[in-house]
Structure formats: structure tokens, C-alpha cells
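Each chain, letter by letter, is given below.
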Amino acid sequence: MEKQKLILIGNGMAGIRTLEEVLKLEPDTFDITVFGKEPYPNYNRIELSKVLQGDTSVSDITLNEWHWYEDNNIRLYPGETVTRIDKEQKIVYTDKDREESYDQLIIATGSDPVILPLPGIDKEGVTAFRDIKDCEKMVDYSKKYKKAAVIGGGLLGLEAARGLLNLGMEVDVIHLCDSLMERQLDKEAGTLLKEELEEQGMHFLLEKQTSEILGNDHVSGLRFNDGEEIEADLIVMAVGIKPNVALAKESGIEVNRGIVVNDYLETNDPNIFSVGECAEHREMVYGLVAPLYQQAQVLAKRICGMGGDGYKGSVLSTQLKVSGVDVFSTGQIMENEHTKAIKVFDDWRGVYKKIVVEQGKITGAVLFGDTGDGNRLLNLIKKGADVEEYTDTDQNQEAGAGLVADMPDDELICGCNGVTKGTIIEAIETQGLNSVEQVKGCTNASRSCGTCKSLVSDLLEYTLGEEYDENQKETVCGCTTLSKDEVIAEIKEKGMTNTREVMNVLGWKNEEGCAKCKPALNYYLGMLYPTEYEDERESRFVNERLHANIQKDGTFGVIPRMYGGVTNAQDLRKIADVAEKYDVGMIKLTGGQRINLLGVNKQDLPNIWEELDMPSGHAYAKGLRTVKTCVGSEFCRFGTQDSTGLGIRLEKKFEGLSGPHKLKMGVSACPRNCAEGGVKDVGVVGLEGVWEIYVGGNGGTDLRQADLLCKVETGDEVLEWVGAFLQYYRETANYLDRTSVWVEKMGIEHIREVVGNKEKRDELNERMDLALSAIQEPWSEAINNGTLLKDLYEKVNA
Ligand SMILES: Cc1cc2nc3c(=O)[nH]c(=O)nc-3n(C[C@H](O)[C@H](O)[C@H](O)COP(=O)(O)OP(=O)(O)OC[C@H]3O[C@@H](n4cnc5c(N)ncnc54)[C@H](O)[C@@H]3O)c2cc1C
Ligand SMILES: NC(=O)c1ccc[n+]([C@@H]2O[C@H](COP(=O)([O-])OP(=O)(O)OC[C@H]3O[C@@H](n4cnc5c(N)ncnc54)[C@H](O)[C@@H]3O)[C@@H](O)[C@H]2O)c1
Ligand code: SF4
Ligand code: FES
């Protein structure tokens, strides 16, 4: 049966959660296409606050890696905006002149930040705080400037301000009202919050209305309605959000503040649905993930034809993510003539609690300083419980496992994802989970704002007792409780030969494996049995599967090998011919001294390789990429050794070698180090009569200066030491650990000891030679394999 075409506009948190739920219910029914304006895979927007505060990095906030789309046969167009929907023809059009037809369409375009239309708003130095780009801009500014002003004292403004303080800036927060977070907190809690944040170094200007942004091209400050002025080099707008409805509106879909939907997230067009911050349900639009994920669950059922009770709206709860400040707010927080309130104010401990009660039922709460009761109160509000259910229970002051022991099974542990204590305990018991990561993988608990992580950890301790080790070993992934070393030992002992067998025999929880363990197992098996193991191409990431680098517009980059960065007229002519013939979008020199042909269509890859008749540069590989060289003694007046010659020898020897991660080398002929060996996995520096070998350097995300491994006299010795070093790394590192991470974990002294031992060095080199003997040139292998060509380069989702 032909699959139904499902298109998602918006590659964000609500839309992708809907697809995850759809895939759980109906993994094979839909042919799915996703358009996302941002050039990234789906990421955790919530954690941008933590990125800015320095608690995590942009690379760690991805929720669904690129290969998740591949693994689920989802066609993703990142960096592509849908500009028009033709409801009659059921076609969407994009800014890249693509048109795609659908049977069902989901609009999940989120929100845009509100930007106040102030004079001077277009000046350089003004930003919102909504996406990765904004976050990177603030980090950049903090390196050059000192003074920041955040307009808006809501959740976003305060989290941004904390981040900017962490980045070393002085921060003024300008707020319209007389109390911070006035939507979530009453006056008392707002005042306590202000005092706490002032102690942390924030400066507040309350009841201030900005009238102008000052400066020439670049901002220099703000002026307010009362005439007062302040200085600022960076201005962050955090004054709320507005649903992104322009596309829906222009396409004739009913729009009010948001895109109007009913209880099944249906718009006024029978084939179009909307979910997330852009949707308006019963006159409410939401700006937190918990309600959006509830909507996603309902919409997935509707799309899969399963009906259900529909979405009835959500009770909201929020927590500020600023370390050292515990604030929680839920439901109705303001009192009126129909309400009564229970208030506790412990000035000594800095704790304030207010519980609002209407007709005997709890309707809202504000907690400051001690938010332990937050989820319980949210649960009681949702259940419509009588206030006695709260006041009659012993106020348990215990922490940790003792606290969670007393919770009823239906108590919410993770508010964002709606996961209860009962669900988590069942998952721990039935699936043998023993880490927070595994609970996250199985139940979604702690996958969003992360504030429930400690409760999840307490539940593991409560359920597993002494078996639970908070600082437990690093498992291969959430599908198993085994570490990499344990898996490798089992593979060797039981003589297992393929990934599926490993998963079956070792009792993988998810029998298909996941995007993390499949490529890892494929690597470990290949490393253990280099000559016998048949590589499982389908377990590899897309670039490695196709032997080219996929670009954000779905085209590919082709980088032929150029040993040591040296080329010749014949190769350059071939590259030029191919570039012209296949209308290559851009020819670019890479940082690794090669030539990249960008913008190549997948179908053209085999022909281009054939016509180039050059080996692959493995620019996509988890393995050796390049050996960068300086010109060395032959031409440079400072050169002491033949660095180019040695670089070429190294590249020819280790070409095609697989590894846990990419490997880059550099060889220079004097300490000026033009080939940048100090930030390479292996850097070699020539001095008079000596070669120094450095290892574990990294010039990318985990910037790290390489450590000296040894000094040797000859090129042969360099090859011997580098061979042993690389083989030791291949055998002992976790898949996806760069040498920089591995060297830190092992310690350079230990590595020197192992590789420095002649006997061990020879053994390692023996195994290295075996691995090198099994390498095949991937481009010619592909060209000569008709089935492979058809399967990989002619299909859309290969
Ligand atoms: C810094 C920060 C911290 C936050 N902290 C929390 C928190 O602690 N707790 C909480 O619950 N919530 C928090 N939020 C809010 C939460 O992140 C959002 O509610 C959630 O991301 C909304 O999901 P969404 O899918 O509706 O929208 P989004 O995640 O914004 O996704 C919409 C996507 O659609 C894309 N798009 C728009 N138009 C088009 C088009 N025409 N074609 C293609 N693509 C398009 C957008 O570029 C965007 O990538 C925070 C938000 C921010 C910015
Ligand atoms: N921890 C969390 O849950 C969290 C964190 C960050 C963001 N978010 C979400 O992201 C969205 C955006 O957050 P937000 O804080 O921008 O929205 P918001 O609407 O909650 O707060 C905006 C604040 O700006 C103030 N303001 C409005 N106009 C102003 C002006 N001219 N000058 C000074 N102040 C002005 C308002 O009084 C309000 O307090 C919200 O949906 C929020 O829930 C949530
Ligand atoms: S590293 Fe030294 S020898 Fe090599 S090019 Fe630079 S200056 Fe010349
Ligand atoms: S409460 Fe936000 S991830 Fe659990």
C-alpha cells in the first residue's frame, strides 16, 4: 500500500515530539518530510539557557541527531523555509523553490520573539534570545564588550541575565512592572527573587519603559521615558513571544492570536493540523513544553486515526533555571475575593510558600527557597484535590530516596514530559535500567529542562538500593547496562561476529539497537576482526555510508585525497573539468590543505569519482582525514627536516584507517609549527636531528593543546610510534571519543608508558598492520559494485 505523505513544517520541539509519537504508534504508515528554517537537527531550545550559563555546550543539546531522521526514513530539509501552502492542491512551497505534496500537514512553526519597535532597534548589538544563533551572538559579544542590558524581567530575561553574568558582563535588567516575573510570582516572591539575584550581581531597573536605543551604528545605551539613560554595548530583548502564524494566515487557515485548533489539534482545513507555540486551543496559546508535549501526544493519535479523548488544555507550572535560586509557580497565583491562601514565610531560611485555595480546592501555588512540594501541588491541582490532601500529609523534610519513597505512584516526577513515579519505577524494574540516561531514553523523564534529574536519580536509588551507583560506569548507550569494555570482552569471549548477534546475545533492551550503539558496535567488531568482519554500511552515519559529506541543502561535498597537501597540474585539471561538467556550486580550499567540491547531487557522486580517478580523502570518515604539512627544509629557510615528505609517508601509511572518531595530523619542520601540530590528534615537529611527536590536540569544540609523547630521530621511528599510539587509541577508546578526550581519560603518562615499551609497541604495530592490510579504497569499491550504486546513490533516503 502506498504510504501517506505527512509533512511537518517546523523542525522544533513540539513538531518532532509529534513525529516521535507517530512513529511509536505507526512506524511504517507515513512517508515523512520535515522542513526546518534553522540549519540544525531538532535541539533542546530550553537548554540554550544552560549553554549561555556555561553548563553545557551547543553540541550537547541536540535531541534528535541527523541520523535519527535517516534511521526513520524522514526526509529532512534543514535551513529551508516553507513560504506558501496551497490547501486546494495540497502542496507546500519553499524558499529553495521546492514543492512537495502532502496528504496530511502539520504546522509547528513555534513563536517569534517580540521585538519592541523602538527608535534605534536596527543598531548592531541588539539581539533576542530564541535560538542557537542568538546564543552564539551573546557569547561573542561578551568577549569584546563589558556592559549588557536585558529588557524584560520574565523567565527568559532573568535566565539570559544570569548567563551574561557568567560570561563576565555587567548586567542591568530593565523591567516594566514593579515586581519580577509578575505573571508567575506574587509581590512577596518577586521581591525575594530580586534580593537573591541582586546578591548574585544583577542590577535591576524596575518600572522603567525604554524609549530609545542609543548609539551610532552600534548600540551605546538606552534612554527611558523618564529621561534617564544607561550605558550598554549589548541589548537583549526578552519581552515575550508571539505565535508564528504568518504562513498559516497567508494560506487562508483560521488564525486568531495563534492558529486556531480544536481538541484534536485540527485547523479549519481537514488535512492541516497545528501543534506547539503557534497553535491556539480554547483561546490559549502556550509557551512551555509540558502542554506542547501533551498536544503532541493527542495529535499523533489523531494522525494515526486513533481518536482518544482529545486535548482539554493544561495546568501550567514553571521553574526558573538559575542556579542558587529555587522558584516554582503553578496555576492561579493571585488572590481574589473567592480565594483563601495558606502562607508560610520563614525569613531565617529564606523560604516563602503560598498555596491558593478556592472552594476547598487548591488552584495555585508559589514556592520560593524550597520547591520540593512543587510537583505534588501541581498534581493535586490537576486532580482537583481537596486542600486537606495537602495539609494532612506529614511534611516530609527528608531528602533523597526517603522523600520519593513517600510519594504516591501517580505523583509527577517530570513535569515537562508528564512522567510519574509509577511509570519510572516500572521502567526501572521491567527493563533493568540503572542510570538516569537510561530512564531518560525509555521514559523521556529529564529530557527537557532537566530539573527533575535529581528526583529520577533518587528513584533509582530507592528502587535498586545498593546496586545503584550514582557515578556509575558509562554504558554504551541506553539499550544496554554494559560498558564498552564489557561489550568488547563479551564479543571476544563468545566469538560474536555481527551487531545483531551482539544485541541478541547480550540482551539489548531495544532489539534493533539505536543510533548510538549501532555504529559503535560496527566499529568495535571491525577493530577486533579487521580481516574477517564485513562492515555493516547501514550501521554507519550518513556521510560514511555515502562516502561524501552531506551539506545543509541535501547536496554533498567531494574531497579527493591530496597527500600532504601536495598536488599537481594533472589532478588540478581533472578537478576543474569535473567541477565544470557537473556544475559544482563552489570550489573551496579546506583547512586540511585539500580541495572541496561543494553542492554535488547525490546521483552524480559515482560519476565524479570515476572521472576524478583519485582516491577518497575520507573527509567524512571516523578515521584518518588529513596530514597537513608545512613546506619544510626543501623550501623554507627555517626548515630543519623534510616535513612534507614525512607527512606524505604518514598519510600513505594510515590512509583509510578507521578509528573511534576522526583523526587529523600535522607535520612541521620547525617549532613555528605552521602545520598546527599543537592542535592535531598527532602533531610532529622537526628540530635539528630530532622529531617531536605530540598527541591528543584538538582545534575544534574541545580545544586542547597536544601533549608531548616522545622525541625520536628518524622518520621510520615516527611511523612506528604513531602506529602504536593510534592502535592503542583504536583498541581502548570509546567510540566517538576524540584523542583529546581519550588522552585526558587515560593520562599521558600511562600512554607514554605503554607506547614507550618496545615489546608493546611492536605488538600494537603488528595489529595495526593487520588492520591496514584490510583497507579498501571506498570510491573505487562503490563504482565497481552495481548493487551498491543502485541502493545507495539512486534512492532518496539511502
Ligand atoms: C532560552 C529559552 C529557555 C526556555 N526554557 C524553558 C523551560 O525551562 N521550560 C519550558 O517548558 N520551556 C522553556 N522554553 C520554551 C520552549 O523552548 C518552547 O516552548 C518550545 O521550544 C516550543 O516548541 P515549538 O516546537 O512550538 O517551537 P520551536 O521549538 O520554536 O520550533 C519551531 C521551529 O519551526 C521553525 N519554523 C518557523 N517557521 C517555519 C517555516 N515557515 N518553515 C520551516 N520552519 C519554520 C522555526 O525556525 C523553529 O525551528 C524556553 C525557551 C527559550 C528560548
Ligand atoms: N524556565 C522557564 O520555564 C522558561 C525560561 C525561559 C523562557 N521560557 C518561555 O519562553 C517564553 C518567552 O519568555 P519571556 O520571559 O520573554 O516571556 P514573558 O512574557 O513570560 O515575560 C516577558 C516579561 O517582559 C516584561 N516586559 C514586557 N514589555 C516590557 C518592556 N517594554 N520593558 C521591560 N519589560 C517588559 C513583562 O512584564 C514580562 O514580565 C515564554 O513562553 C516563557 O514561558 C520559559
Ligand atoms: S614550520 Fe618552520 S619550517 Fe615549516 S614552513 Fe613554518 S617556518 Fe618553515
Ligand atoms: S521536569 Fe523538565 S525535564 Fe523533567
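Quick notes on the rules
Think of each chain on its own: its residues are numbered from 1, step by step along the sequence as written. To label them, take the chains in the order written and letter them from A, then take the ligands in the order written and number them from 1. Whole-chain, interface and lining totals are the exception, using all residues; otherwise, since this is a predicted model, local features are given only for residues with pLDDT of at least 70 and side-chain atom pairs are given and counted only at 80 or more. Excluding hydrogens and water, the side-chain values take into account all heavy atoms of the structure. Where helices and strands are cited, they refer to DSSP runs of H or I of at least four residues and of E of at least two residues respectively, numbered from the N terminus. For each residue, the test is whether any non-hydrogen atom lies within 4 Å of the molecule or strand; if one does, the residue is near. Residue classes follow a fixed rule: Ala, Val, Leu, Ile, Met, Phe, Trp, Tyr, Cys and Pro count as nonpolar, while Asp, Glu, Lys and Arg count as charged, and any other residue, Gly among them, counts as polar. By the criterion applied in these results, polar contacts are pairs of N or O atoms within 3.5 Å in which, for protein atoms, one can donate a hydrogen and the other can accept it, and in which residues neighboring in sequence qualify only through two side-chain atoms. Where each domain starts and ends comes from a domain assignment, either automatic or drawn from a database. Here a cavity denotes a set of grid points, spaced 1 Å apart and computed over the protein atoms alone, in which a 1.4 Å probe fits but from which it cannot get out, and a pocket denotes an open set meeting protein on both sides within 12 Å along at least five of seven lines; residues with an atom within 4 Å of a point are reported as lining. Grid points are joined across faces, edges and corners, and a volume is the space filled by probe spheres set on the points. UniProt positions are given in the numbering used here, feature names are shortened, and annotations may be inferred rather than shown by experiment. For every residue, the accessible area (1.4 Å probe, protein chains only) is compared with the maximum for its type, and the residue is labelled buried under 20%, exposed over 50%, or partly exposed between those bounds. Here, two residues are considered to be in contact whenever any of their heavy atoms come within 4.5 Å of each other. By nonpolar core is meant a set of buried Ala, Val, Leu, Ile, Met, Phe, Trp, Tyr and Cys residues that side-chain atoms within 4.5 Å join together. Expected helix span is computed as 1.5 Å times (number of residues minus one).

## Examining unusual backbone geometry
Positioned with a positive phi, Glu-207 is a non-glycine residue whose angle comes to about 50°. At Leu-265, a residue that is not glycine, the phi angle is positive and equals roughly 60°. Checked against the element boundaries, Leu-265 lands in the loop between strand E18 (259-261) and strand E19 (272-274).

## A look at the site of ligand 3
Neighbouring residues of ligand 3: Cys-630, Val-631, Cys-636, Phe-638, Gly-639, Ser-668, Ala-669, Cys-670, Arg-672, Asn-673 and Cys-674. Of the residues contributing to the shell around ligand 3, the split by class is 7 nonpolar, 3 polar and 1 charged.

## What to know about the site of ligand 1
Around ligand 1 sit 33 residues in total, of which Ala-14, Glu-38, Arg-130, Glu-277 and Lys-321 are the nearest. With respect to ligand 1, the backbone of Val-82 contributes an N or O atom lying 2.9 Å from a nitrogen atom. Measuring from an oxygen atom of ligand 1, one finds a backbone N or O atom of Val-289 at 2.8 Å. Elements with a minimum of two residues in the shell around ligand 1: helix H1 (13-25), strand E2 (30-36) and helix H8 (289-303). With 3 residues, H1 is the single largest residue contributor to the shell around ligand 1. By residue class, the composition of the shell around ligand 1 is 14 nonpolar, 12 polar and 7 charged. A domain split of the shell around ligand 1 shows at least three residues from each of domain 1 (4-111 + 243-303) and domain 2 (126-239).

## Describing the layout of surface pockets
Counted as a void, the second largest pocket has a volume near 860 Å³. Of all the secondary structure elements, the ones that give two or more residues to the lining of the second largest pocket are helix H17 (517-528) and helix H26 (778-783). The leading source of residues in the lining of the second largest pocket is H17, at 4 residues. Of the residues that constitute the lining of the second largest pocket, the class distribution is 14 nonpolar, 10 polar and 8 charged. Shared between two domains, the lining of the second largest pocket holds at least three residues of each, these being domain 5 (484-540) and domain 6 (617-776).

## Observations concerning the UniProt feature "binding site: [4Fe-4S] cluster" (unreviewed entry) in the protein chain
Under the UniProt annotation, "binding site: [4Fe-4S] cluster" (unreviewed entry) lies at Cys-630, Cys-636, Cys-670 and Cys-674. Considering the C-alpha atoms alone, the annotated residues occupy 45 residues of sequence yet fold into one spot, their largest mutual distance being 11.0 Å. For Cys-630, a relative accessible area of 14% translates into the label buried. The residues contacting Cys-630, other than those within four sequence positions of it, are Ser-643, Thr-644, Val-667, Ser-668, Ala-669, Cys-674 and Ala-675. Tracing the backbone shows Cys-674 in the loop between strand E33 (663-668) and strand E34 (682-687). Ignoring sequence-local partners within four residues, the contact set of Cys-674 consists of Cys-630 and Ser-668.

## Considering the domain arrangement of the protein chain
Under the domain assignment used here, the protein chain contains domain 1 (4-111 + 243-303), domain 2 (126-239), domain 3 (317-396), domain 4 (414-467), domain 5 (484-540) and domain 6 (617-776). For domain 3 and domain 5, the distance between their C-alpha centres works out to 50 Å.

## Looking at the environment of Leu-234
Tracing the backbone through its elements, the reader meets Leu-234 in strand E16 (residues 234-237). Along the sequence, Leu-234 and Val-150 sit 84 residues apart, while their C-alpha atoms lie 8.3 Å from each other. When sequence neighbours within four positions are dropped, the list of residues in contact with Leu-234 reads Gly-125, Thr-127, Met-138, Tyr-141, Lys-147, Ala-148, Ala-149, Leu-164, Met-169 and Val-219.

## Some remarks on the nonpolar core
Leu-158, Leu-164, Leu-193, Leu-197 and Leu-320 are the most contacted members of the largest nonpolar core, which has 41 residues in total. Among the elements that make up this core, the one with the highest residue count is helix H5 (residues 155-166) (6 residues).

## As for H8
With 15 residues, H8 extends 20 Å between its outermost C-alpha atoms, agreeing within 8% with the 21 Å of an ideal straight helix rising 1.5 Å per residue. Of all 15 residues making up H8, 11 are buried, and the element is well covered by its neighbours. For H8, the full list of buried residues reads Val-289, Ala-290, Pro-291, Leu-292, Tyr-293, Gln-295, Ala-296, Val-298, Leu-299, Ala-300 and Ile-303. Buried residues along H8 sit in contact with strand E1 (4-9), H1, E2, strand E7 (104-107) and E19.

## Observations regarding the UniProt feature "domain: BFD-like [2Fe-2S]-binding" (unreviewed entry) in the protein chain
The UniProt record annotates "domain: BFD-like [2Fe-2S]-binding" (unreviewed entry) at residues 412-461 and 476-525. Helix and strand shares over residues 476-525 are 54% and 0% respectively, and the end C-alpha atoms of the span are 14 Å apart.

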